[in-house]
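This is what each chain is made of:
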Amino acid sequence: MLIEKIKNRTAVVGVIGLGYVGLPLVIEFGKQNFPVIGFDVDPVKVKLLLESKSYIKHIPSDKVSGLIDTKKFIPTTDYSRISECDAILICVPTPLDHHREPDMSYVVSTCESIKPYIRKGQLISLESTTYPGTTDELTKSILEKSGLTAGKDFYLVYSPEREDPGNKDFNTSTIPKVVGAMTPEGLKNAVELYSAVIGKVVPVSSTRAAELTKLLENIYRNINIALVNELKMLCDRMDINIWEVIDAASTKPFGFHPFYPGPGLGGHCIPIDPFYLTWKAHEFDFQTKFIELAGEINNSVTYFVVQKMMDALNKNKKCINGAKILMLGMAYKKDIDDLRESPALKLIELLMDKGAVVDYNDPYIPSVPKVSPMRHYTIKMASVDLTPENLKNYDAILIVTDHSCYDYEMIVRESTIIVDSRNATKNVKEGRDKIYLA
Ligand code: SAJ
């Protein structure tokens, strides 16, 4: 039944959570002529979509207007319309709470909201990054309170999102999609559904395998970034340039993938996802020591950068207390405007704790709201202009995010001390004696 409706594009696809994961899926299914109902708890998002406006930086509004014009896309906050859907994709956040433990509240509240309206024959797929067992245990248990049985009355699936906002090489339809289901029948239907919009679908044997697949992808990054961050701190003592070494190692045409040291790990995936596995592993009397060590190192490198700032000021007979520091870059990685978990926020706090007077410049982030998205910091700042005159007002410059648009020649020329945590000044020839790699 469902497969037929997928094949003839009459299956109604419900997408819950119209953020940077859900909205691209809405667009892809809309492109393939499926009727789509988009669900979100935020009425502002629904209103903007109805006005054919995109609120996601890398998704142009014409992609939304194209959808609305077909009259086959309905954005709504009315969860009772879940009963009209044949397939339901859940794309809601899975952050960490204050104790750095999984915060499943969005997944739970979504399942509770749709429970009264799910019906026989539907396919329900969770896409949020989460610990192995979520689908089989948490999602299943809530949805079965409807009286329906997962695997029998409805298909229960897990398919991790792999959205990489702004990635120029890959997009929603060209990033292979891993899919695991509770039953072979469910898997078959899920493969059929996702194959309608995504070039390559990768079925695995269970929802747990699919859940762990996504975590492995991001733990791999976290661990390898921690490795080069640790080597950066060792190389500082050994007077070796770690970036030179990584570039040289990258000439090996196989068996090596370069990662680069930085001021710490930001973003809503890499610093967070690994701790979903750490938390679940405890249930099996297992310590994920590697993950926890990587977390420790990625945290400590931020303190290392502060120490290097103090050393640089000291070398110039200045002290951190009262020093005027301009931090370049607030976003968690270059050329984007996302602040989440950005190490820049922690650096500001640590520098201020030592009495430094800190300003920042970030062309992508004109101001930091009073309470940043991180909730841990209450700082209110505005980006200062990056001009030769302004640079002269600071005792030191701290490069935190290596935005491509920065004029590093000018920055070095017009500054006295440059502490560079990204090797962003690697091509600057003049004034190298003013640069301190951190
Ligand atoms: N970072 C380093 N050194 C590196 C790479 C990254 O310090 O060599 C830092 C970044 O500055 C940032 C943090 O790590 O603060 C995370 O950076 P990221 O490049 O991993 O970017 P994210 O957080 O946007 O990760 C997303 C992930 N996508 C999904 O989870 C679907 C990740 O799996 C992707 O591999 C990554 O984008 C990507 O490659 O862009």
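Residues numbered from 1 in each chain as written. Predicted model: local features only at pLDDT ≥ 70, side-chain atom pairs only at ≥ 80, totals over all residues. Heavy atoms only, no water.

Turning to the overall build of the protein chain, a few remarks are in order. For the protein chain, the count of helices and strands is 14 helices and 15 strands. Whereas a compact globule of 438 residues would reach a radius of gyration of roughly 22 Å, the protein chain reaches 24 Å, a difference of no more than 12%. Oriented by its inertia axes, the alpha-carbon framework of the protein chain measures out at about 75 × 50 × 40 Å. Each of the 438 residues in the protein chain was classed as buried or not, and the buried ones make up 52%. Intrachain contacts of the protein chain at a sequence separation of at least 6 include 69% that bridge at least 24 residues. Taken as a whole, the protein chain presents about 19900 Å² of accessible surface, with 56% of it coming from carbon and sulfur. Of the charged side chains in the protein chain, 52 are positive and 56 negative, and the gap between their average positions amounts to 2 Å. (Helix = DSSP H or I, 4+ residues; strand = E, 2+ residues; numbered from the N terminus. Rg over C-alpha atoms; globule rule 2.2 N^0.38 Å. Buried < 20%, exposed > 50% of the residue type's maximum accessible area, 1.4 Å probe, protein only. Contact = heavy atoms within 4.5 Å. Areas by Shrake-Rupley, 256 points an atom, 1.4 Å probe, with all protein chains shown as cover. Lys, Arg positive; Asp, Glu negative; His and termini not counted. Charge placed at Lys NZ, Arg CZ, Asp CG, Glu CD.)

What the domain assignment reports for the protein chain is domain 1 (2-205) and domain 2 (221-437). Using only C-alpha atoms to locate each centre, domain 1 and domain 2 end up separated by 35 Å. On the domain 2 side, the residues contacting the 17 residues of domain 1 number 16 residues. With both sides pooled, the region where domain 1 packs onto domain 2 buries about 1400 Å², and carbon together with sulfur makes up 58% of that total. When the buried area of domain 1 at its contact with domain 2 is split by residue, Leu96, Arg100 and Tyr131 rank highest and sum to 34% of it. Applying the counting criterion to the domain 1 and domain 2 interface returns two salt bridges. (Domains from an automatic or database assignment. Buried area = accessible area lost by both parts, 1.4 Å probe. Salt bridge = Lys/Arg side-chain N within 4 Å of Asp/Glu carboxyl O.)

Bringing the pattern of salt bridges into the picture now. Applying the stated criterion across every chain, the model contains 27 salt bridges. Between Lys280 and Glu283 there is a salt bridge, and its shortest N-O distance comes to 3.0 Å. Overall, Glu283 belongs to the exposed group, its relative accessible area being 51%. For Lys318, the salt bridge goes to Asp395, with nearest N and O atoms at 3.2 Å. Of this pair, Lys318 sits in the loop between α11 (289-315) and β9 (324-328) while Asp395 sits in the loop between α13 (388-391) and β13 (396-399), and the two are 77 residues apart along the sequence. Here the residues in one salt-bridge network are Asp136, Glu137, Arg208, Lys280 and Glu283, joined through shared partners.

Let us look at helix α9 (residues 242-249). All buried positions along α9 are accounted for by Ile242, Trp243 and Ile246. Each buried residue of α9 lies within a common arc of 100 degrees when the element is viewed along its axis, so the set occupies one face. If you follow the buried residues of α9, they end up packed against α8 (207-238), β14 (418-420) and β15 (435-437). Capping of α9 at its N-terminal end is provided by Asn241; its side-chain oxygen lies 2.8 Å from the backbone amide nitrogen of Trp243. (Arc of directions from axis to C-beta. Polar contact = N/O pair within 3.5 Å; in protein donor to acceptor, adjacent residues only side chain to side chain.)

All right, on to the pairing of strand β6 (residues 155-158) then. Every second residue of β6 is oriented toward a common face, with Tyr155 and Val157 on one face and Leu156 and Tyr158 on the other, all of them buried. As judged from the four bridges shared by strand β5 (residues 123-126) and β6, these two strands associate in the parallel manner. Each residue of the ladder has a partner; that of Ile124, found in β6, is Leu156. For the segment spanning β5, helix α6 (residues 134-143) and β6, crossover handedness is right-handed. Judged from the two bridges that link them, β6 and strand β7 (residues 177-181) form a sheet pairing that is antiparallel. What sits directly across from Tyr158, in β7, is Gly180. (Pairing = 2+ DSSP bridges. Right-handed = clockwise from strand over helix to strand, strands pointing away.)

By nearness alone, 17 residues border the ligand, and Asp164, Asn218, Arg221, Tyr260 and Tyr332 come closest of all. Here a nitrogen atom of the ligand and a backbone polar atom of Tyr260 are 2.6 Å apart. A total of 730 Å² of accessible area belongs to the ligand in isolation, and the protein chains cover 85% of it. Partitioning the shell around the ligand into residue classes produces seven nonpolar, two polar and eight charged. Three or more residues apiece are contributed to the shell around the ligand by two domains, here domain 1 (2-205) and domain 2 (221-437). (Near = heavy atom within 4 Å. Nonpolar A, V, L, I, M, F, W, Y, C, P; charged D, E, K, R; others polar.)

Core analysis: the largest hydrophobic core is formed by 48 residues, its most contacted members being Val15, Val26, Phe29, Phe34, Leu89, Leu123 and Leu193. Among the elements that make up this core, the one with the highest residue count is helix α2 (residues 22-31) (five residues). Both of domain 1 (2-205) and domain 2 (221-437) provide at least three residues apiece to this core. Those residues in contact with Val26, other than ones at most four positions away along the chain, are Val15, Leu18, Val36, Leu67 and Phe73. In terms of nonpolar packing, the next biggest core, distinct from the first, is built from 42 residues, Tyr79, Ile82, Ile124 and Ile297 among them. (Core = buried A, V, L, I, M, F, W, Y, C linked by side-chain atoms within 4.5 Å.)

Another aspect to go through is the sheet that holds strand β3 (residues 73-76). Reading across from one edge, β3-β2-β1-β4-β5-β6-β7-β8 is the order of the eight strands in this open sheet, with mixed pairing throughout. Taken across any chain shown, the strands that pair with only one partner, and hence form the sheet edges, are β3 and β8 (201-203). With direction set aside, neighbouring strand axes in the sheet form an average angle of 20 degrees. Strands in contact with helix α5 (residues 105-114) are β1 (13-16), β4 (87-90) and β5; relative to β4, the strand with the most contacts, it is inclined by about 155 degrees. (Axes fitted to C-alpha atoms, helices over the stretch in contact; angles between N-to-C directions.)

With that settled, consider the packing of aromatic side chains. Per the counting criterion, the structure on display carries five aromatic pairs. Note on Tyr220 and Phe259: the rings are 5.5 Å apart at their centroids and 80 degrees apart in plane angle, and the pair reads as edge-to-face. Within this pair, whereas Tyr220 is found in helix α8, its partner Phe259 is found in the loop between α9 and α10 (274-281), the two being separated by 39 residues in sequence. In this structure Phe259 comes out as buried when scored by relative accessible area, which is 7%. Arranged with centres 6.0 Å apart and planes meeting at 75 degrees, the rings of Tyr406 and Tyr408 form a pair that is edge-to-face. Taking the relative accessible area as the measure of exposure, Tyr406 reaches 7% and is therefore buried. (Phe/Tyr/Trp six-rings, centres within 6.5 Å; stacked < 30°, edge-to-face > 60°.)

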